[in-house]
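These are the residues of each chain, in order.
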Amino acid sequence: MEATGPRPDRRAERAAAKRRRDRRGLAVAAVSTVVVIGGLIALIVTSPGWPDVRDTFFNATVFKESFPDVAEGFWLDIRIFIVVELVVLVLGLVVALVRATTLPALFPLRLLAVLYADIFRGIPVVLLVYLVGFGIPALDPPQGLLTNEIFLGGTALTLSYGAYVSEVYRAGLRSVHPGQREAALAVGLTEQQTMRHVVVPQAIRNVGPPLLNDFISLQKDVALISIIGVSAEAFRIAQIQSSTDFNYTPLLCAALLYLAVTVPLARMLDRWDRGRVR
Amino acid sequence: MSPPVIDIQGITKAFGDREVLKGIDLAIAEHQAVALIGASGSGKSTLLRCIDLLVDIDDGDILLDGEVITDPSVSPVAVRRKLGFVFQAYNLFPHLNVLDNVTLGLRKGTGMSAAEAEESALKMLARFGLEGREKESSSNLSGGQQQRVAIARAFAARPRAMLLDEVTSALDPELVGEVLRAVRDLKDEGVTMLIATHEMSFAREVADTVGFLHEGRLVEVGPPEQVLEDPQDPNTQRFLRRLLEARRV
């Protein structure tokens, strides 16, 4: 065979081949999307009950009428969400830190923290909302916070999510390389300073995405407090409106509002995660 | 005569059933540099960690300036503030910039004000050729630069002795020189040092004493020209011969 040097047009050839491959991939993706999504839509709208479903779930007039009230309720949801989330972030960290201590004197606290995390992660959130929301008022406490449904519902959510989030923090604390602790001690920091200035900041950075994931579920679960009689909450308002004329469009309205918050959060989380890998 | 800065007296250490240090005696006088050589797993790293009280010893004692530091009544934090430790993998704090890596120990450990700590850290960084890099994240730096930050961090509080744990082992070959220059600079200032190293030529150049550690025992201690060129112990001879062969291939 004749020995030849590199052919001068190799680069152009490769680029052309790559373009062909990319074009083909794009075409396949487009066609399969149209087939799958289009097929699903066709299946739904051609089914015999579709006109009824359209009128009861996707009614534009009802949507317009109910939107302002549901949106106002949703604003309450958002406020509850923000307060609960802030308390959960602190509570979870405290529980995780207590579990990370090794001092013998703190053993009872450690035990409590373990029990708390185990029990409250095991109880369904709905049950906890009932338990706190109906159980505490049943004890006949003085009127005030302990008889306020919003406070009780928020407390139930806080207890449940605090337990989950404490586990997330714990994973974060474990993820910090032991060399970091050694280095902090070696520069003369005490155990407490090491935790506070070196281990905890890195742990929190490492668990950002899973924490945000729990935010998203909490945001949805705020709707659960409607079951103990918080009538100003978005989902509850939608429910009441639907039951007056048997049209479920207000519920869809509430669902869209929830999505308006959770979808951007989910996108944010994805971007964050990608940024970390890079 | 003043006592040695570091005086190691018969220390032993076992992790479970594995005896890592089997009775080590070694004294490091003021302004002396002692190089510890030996195969991986011979106990060099553990010995350094024992001195910085990052690992508890089982038996024996370690004295710093004539005072026992391996006693339960001694605060390890106070001892560590008198010693500087540089790790093989740098262990810089990734959430802090270069400057804060150096100032953290100064502010929290020595009670310096933030301004004093910053001034002193900037001087230290400049000394190791890192001026202008103080606001950068440590992950932007090369391995050699990171290790120099780690040296600046360990030396910033002017420790009584520096403990260097294979500070060039994690580096690409072309970056070893700049880190060794930093260590040489410390030696020229008369800093008392204990250096675990795989760089034989560097040990010969910088160390006043070389100790060969073999399976948890210091089998040979002496001036570098003797230990490295005319070793008496068969284990030392075998170790050095292997190194020579590896280099030839």
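Calculation rules
Residues numbered from 1 in each chain as written. Chains lettered and ligands numbered in written order. Predicted model: local features only at pLDDT ≥ 70, side-chain atom pairs only at ≥ 80, totals over all residues. Heavy atoms only, no water. Helix = DSSP H or I, 4+ residues; strand = E, 2+ residues; numbered from the N terminus. Rg over C-alpha atoms; globule rule 2.2 N^0.38 Å. Buried < 20%, exposed > 50% of the residue type's maximum accessible area, 1.4 Å probe, protein only. Contact = heavy atoms within 4.5 Å. Areas by Shrake-Rupley, 256 points an atom, 1.4 Å probe, with all protein chains shown as cover. Lys, Arg positive; Asp, Glu negative; His and termini not counted. Charge placed at Lys NZ, Arg CZ, Asp CG, Glu CD. Axes fitted to C-alpha atoms, helices over the stretch in contact; angles between N-to-C directions. Parallel < 35°, antiparallel > 145°, perpendicular 65-115°, else oblique. Left-handed = near helix turned anticlockwise from the far one by under 90°. Nonpolar A, V, L, I, M, F, W, Y, C, P; charged D, E, K, R; others polar. pLDDT = per-residue confidence, 0-100. Buried area = accessible area lost by both parts, 1.4 Å probe. Salt bridge = Lys/Arg side-chain N within 4 Å of Asp/Glu carboxyl O. Polar contact = N/O pair within 3.5 Å; in protein donor to acceptor, adjacent residues only side chain to side chain. Pairing = 2+ DSSP bridges. Right-handed = clockwise from strand over helix to strand, strands pointing away. Phe/Tyr/Trp six-rings, centres within 6.5 Å; stacked < 30°, edge-to-face > 60°. Lys NZ or Arg CZ within 6 Å of the ring centre and 35° of its normal. Patch = residues over 30% accessible without salt bridge, like charges linked within 9 Å, V, L, I, M, F, W, Y side chains within 5 Å.

K.L.:
Just to check I follow, could you spell out the overall build of chain B for this structure?
P.N.:
The helix and strand inventory of chain B stands at nine helices and 10 strands. What you see for chain B is a C-alpha radius of gyration of 18 Å, in line with the 18 Å of a compact globule of 249 residues. By its C-alpha atoms, chain B is 55 × 50 × 40 Å across when sized along the principal axes. Counting across all 249 residues of chain B, residues that qualify as buried make up 53%. Contacts spanning at least 24 positions in sequence make up 65% of the contacts within chain B whose residues lie at least 6 apart. For chain B, the accessible area works out to roughly 11,000 Å², and carbon and sulfur atoms hold 47% of it. With 28 positive and 38 negative side-chain charges, chain B shows a separation of 3 Å between the mean positions of the two kinds.

K.L.:
Before we go on, may I ask you to explain the packing of helix α5 (residues 125-138) of chain A against helix α6 (residues 149-175) of chain A in this structure?
P.N.:
Helix packing geometry: the angle between the two helix axes and the distance between the axes. Residue and element names in this part refer to chain A. Interaxial distance between α5 and α6 falls to 8 Å at its minimum, and their mutual angle equals 135°. Classified by the angle their axes make, α5 and α6 are oblique. As for how α5 packs across α6, the hand of that crossing is right-handed. Counted together, Val125, Leu128, Val129, Val132, Gly133, Ile136 and Pro137 of α5 and Leu152, Thr155, Ala156, Leu157, Leu159 and Ser160 of α6 form the full contact between these two elements. Here the residues of the contact of α5 with α6 are counted per class, giving 10 nonpolar, three polar and no charged.

K.L.:
How should the confidence of the model for chain B be read in this particular structure?
P.N.:
Residues shown with low pLDDT carry predicted positions that ought not to be read at fine detail. Of all residues in chain B, 99% have pLDDT values of 70 or greater, and the mean over the chain is 92. Strand β6 (residues 83-86) of chain B holds the highest mean pLDDT among the elements of chain B, 96, whereas helix α9 (residues 234-248) of chain B holds the lowest, 87.

K.L.:
Would you explain the interface of chain B and chain A in this entry?
P.N.:
The extent of an interface is frequently quoted as the accessible surface area lost upon association of the parts. Taken residue by residue, the interface counts 19 residues in chain B and 17 residues in chain A. Taking both partners together, chain B and chain A bury about 1,600 Å²; carbon and sulfur atoms supply 62% of that area. The largest share of the area that chain B buries against chain A comes from B:Phe93, B:His95 and B:Lys108, three residues that together contribute 32% of it. At the junction of chain B and chain A, the tally comes to one salt bridge. For the pair chain B and chain A, the interface holds six residue pairs in polar contact (both at pLDDT 80 or more). The leading source of residues in the side of chain B that touches chain A is helix α3 (residues 98-109) of chain B, at four residues.

K.L.:
Even after reading the chapter, I still don't get the confidence of the model for chain A, so can you show me in this structure?
P.N.:
When pLDDT is averaged along chain A, the result is 88; 96% of the residues meet or exceed 70. Mean pLDDT values over the elements of chain A span from 81, in helix α10 (residues 234-245) of chain A, up to 95, in helix α7 (residues 178-186) of chain A.

K.L.:
How should I be thinking about the sheet that holds strand β9 (residues 209-214) of chain B in this particular structure?
P.N.:
Strand pairing in a sheet is mediated by backbone hydrogen bonds. Such pairs are either parallel or antiparallel. Residues and elements named next belong to chain B. The strand order across the open sheet formed by six strands is β6-β7-β8-β3-β9-β10, and the pairing between neighbours is mixed. In this open sheet, the two strands that pair with only one neighbour each are β6 and β10 (217-222). Mean inter-strand twist for the sheet, computed between neighbouring axes without regard to direction, equals 15°. The pairing of strand β3 (residues 33-37) with β9 spans four bridges and is classified as parallel. Each residue of the ladder has a partner; that of Leu36, found in β9, is Gly211.

K.L.:
I would appreciate a short explanation of the side chain of B:Thr192 in the present structure.
P.N.:
Considering the arrangement of structural elements, one finds B:Thr192 in the loop between α6 (173-188) and β8 (193-196). Those residues in contact with B:Thr192, other than ones at most four positions away along the chain, are B:Val5, B:Ile28, B:Ala29, B:Glu30, B:His31, B:Gln32, B:Arg160, B:Ala161 and B:Met162.

K.L.:
Quick question: what am I supposed to make of the sheet that holds strand β2 (residues 18-28) of chain B here?
P.N.:
Residues and elements named next belong to chain B. With antiparallel pairing, four strands are arranged side by side in an open sheet as β2-β1-β4-β5. A strand with exactly one partner marks an edge of an open sheet, and here the two such strands are β2 and β5 (67-68). In terms of strand pairing, strand β4 (residues 59-64) meets β5 through two bridges, oriented antiparallel. Looking at β5, one finds that Leu64 is bridged to Glu67. Taken strand by strand, helix α1 (residues 44-51) contacts β1 (6-15), β2 and β4, and its axis lies near 120° from that of β1.

K.L.:
Hey, could you run me through the pairing of β8(B) in this one?
P.N.:
Residues in a regular strand point their side chains to alternate faces of the sheet. Residues and elements named next belong to chain B. Burial along β8 is two-sided: the face carrying Met193 and Ile195 and the face carrying Leu194 and Ala196 are both buried. Two strands pair when backbone bridges link them, and β3 and β8 are joined in this way by four bridges, in the parallel orientation. Each bridged residue has a counterpart across the sheet, and for Leu36 the counterpart in β8 is Ala196. Relative to β8, strand β7 (residues 161-165) runs parallel, the two sharing four bridges. Across the sheet, the residue bridging to Asp165 is Ala196, located in β8. Handedness of the crossover is the feature at issue here: the chain leaves β7, passes through α6, returns alongside β8, and the resulting connection is right-handed.

K.L.:
Sorry, what's going on with the packing of aromatic side chains here?
P.N.:
The geometry of two aromatic rings is summed up by the distance between their centres and the angle between their planes. Scanning the model with the defined rule gives 10 aromatic pairs over all chains in all. Considering the side-chain rings of A:Phe74 and A:Tyr258, the 5.1 Å spacing of their centres and the 85° angle between planes classify their relative orientation as edge-to-face. Taken together, the residues A:Phe74 in helix α3 (residues 60-100) and A:Tyr258 in helix α11 (residues 249-277) connect sequence positions 184 residues apart. For A:Phe74, a relative accessible area of 7% translates into the label buried. Given a relative accessible area of 9%, A:Tyr258 falls into the buried group. Just above the ring of B:Phe93 sits the side chain of B:Arg153; from NZ or CZ to the centre is 4.6 Å.

K.L.:
Looking at this structure, I do not really get a nonpolar patch on the surface. What am I missing?
P.N.:
There is a patch of nonpolar side chains on the surface, built from A:Val31, A:Val35, A:Val36, A:Ile37, A:Leu40, A:Ile41, A:Leu43, A:Ile44 and A:Val45 and spanning about 850 Å² of accessible area. Topologically, A:Val31 is positioned in helix α1 (residues 10-45).

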